[in-house]
Amino acid sequence: MTRAAVPGLPSRYPIGELLPALYADDDLAQRFTAGLDTVLAPVLSTLDNLPAYVDPALAPADFLPWLASWVGVEADPAWPVELRRAVVARAVELHRWRGTRRGLVERLRLCCGVHAEVRDGGGATWSAEPGAALPPPPTGELLVRVWPVRAGDGVDAVDAHRVLEVATAACPVHLTCRVEVLSGPPEAPDAPEQTGG
């Protein structure tokens with residue numbers, strides 16, 4: 001859709017009706033202003049509906065990339081329109097959690113429709129006891145394990161390529177990213193410190 005011209009869109013404020021009475025019956029003046037009304041009607045309509053343009057749920061689809069640039073998020077044009085709307089709407093919230101397990105889990109749930117478990121190979125730890133053992137050497141790998149949101153969905157329901165793209169975009173540069181697709185939640189002994197639930 002383009003807002004440059006909308007055939008047949010009437011102007012809510014016809015210029016011909018605003019002219020002095022002398023020009024009210026002048027055919028040339030009325031035809032000239034009608035041409036201006038045709039050009040201005042889409043502009044006035046856009047201005048009248050401006051709040052809808054800045055609401056991701058209501059904005060025209062071709063306006064979403066501009067809204068996405070306002071909130072510093074990239075919404076893949078190949079994604080369905082409703083997914084792009086949701087990503088733009090939740091961008092500020094997700095920016096708060098950027099670089100954390102929670103942020104990656106939430107982003108994967110939103111963009112890929114999966115639950116996720118993230119295991120960081122950074123090797124950072126702390127202890128309340130002095131002289132505690134050091135953490136094991138870092139693996140240099142971020143392991144992302146995902147499974148379908150709805151029980152009963154097969155492993156095929158998870159788009160591993162898309163999951164890898166989203167996870168890699170959020171992965172710190174000093175770590176490699178590996179994705180495992182599971183058929184369901186991991187077993188209790190392997191339960192992570194933090195999961196998407």
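Residue positions are given per chain, counted from 1 along the sequence in the order it is written. Given that this is a predicted model, residues contribute local features only at a pLDDT of at least 70 and side-chain atom pairs are listed and counted only at 80 or more, while totals for whole chains, interfaces and linings are drawn from all residues. Neither water nor hydrogens contribute to the side-chain values; these are computed over all heavy atoms in the structure.

A.B. asks: Give a detailed account of the overall build of the chain, specifying residues and quantitative values.
C.D. replies: Helices and strands together make up the secondary structure of the chain, namely 8 helices and 3 strands. Put simply, the chain runs from its N terminus to its C terminus through helices and strands in the order α-α-α-α-α-α-α-β-β-α-β. The proportion of buried residues among the 197 residues of the chain is 29%. For the chain, contacts bridging at least 24 residues in sequence account for 60% of all contacts bridging at least 6. Note on areas: Shrake-Rupley with a 1.4 Å probe; residue coverage comes only from the protein chains shown. Accessible surface computed for the chain: about 12,700 Å², of which carbon and sulfur atoms make up 60%. Numbering of helices and strands starts at the N terminus; helices are DSSP runs of H or I of at least 4 residues and strands are runs of E of at least 2. Accessible area is worked out with a 1.4 Å probe on protein chains only. A residue is then buried under 20% of its type maximum, exposed over 50%, and partly exposed in between. We call two residues in contact when some of their heavy atoms are within 4.5 Å.

A.B. asks: Please set out the pattern of salt bridges residue by residue, giving values where relevant.
C.D. replies: The salt bridge definition used is simple: a Lys or Arg side-chain nitrogen within 4 Å of an Asp or Glu carboxyl oxygen. Evaluation of the coordinates by the stated rule reveals 11 salt bridges. Across the pair Glu-82 and Arg-85 runs a salt bridge, and its minimum N-O distance is 3.7 Å. Taken together, the residues Glu-82 and Arg-85, both in helix α5 (residues 81-89) and 3 residues apart, mark about one turn of the helix. Of the residues examined, Glu-82 reaches a relative accessible area of 59% and is grouped as exposed.

A.B. asks: Could you give me a rundown of the confidence of the model for the chain, with the residues and numbers involved?
C.D. replies: Per-residue pLDDT for the chain has a mean of 83; in total, 88% of the residues score no lower than 70. The quantity known as pLDDT measures the predictor's confidence residue by residue, on a range of 0 to 100. Low pLDDT, under 50, characterises residues 189-197; the stretch is placed with 17 contacts to residues that sit more than four places away or in other chains.

A.B. asks: Got a sec to walk through the packing of aromatic side chains? Specific residues and values, please.
C.D. replies: When two rings of Phe, Tyr or Trp (its six-membered ring) have centres within 6.5 Å they constitute a pair, described as stacked for plane angles under 30 degrees, edge-to-face for angles over 60, and tilted for the intermediate range. Counted by the stated rule, this structure contains 3 aromatic pairs. Judged by centre distance (4.9 Å) and plane angle (80°), the ring pair of Phe-63 and Trp-66 falls under edge-to-face. Given the relative accessible area of 14%, Phe-63 is considered buried. For the pair Trp-66 and Trp-70, a centre-to-centre distance of 4.8 Å together with 65° between the ring planes defines the contact as edge-to-face. You can see Trp-66 and its partner Trp-70 sitting in helix α4 (residues 64-70), 4 residues apart, about one turn around the helix. According to the relative accessible area criterion, Trp-66 is partly exposed, its value standing at 46%. The partly exposed category is assigned to Trp-70, whose relative accessible area is 48%.

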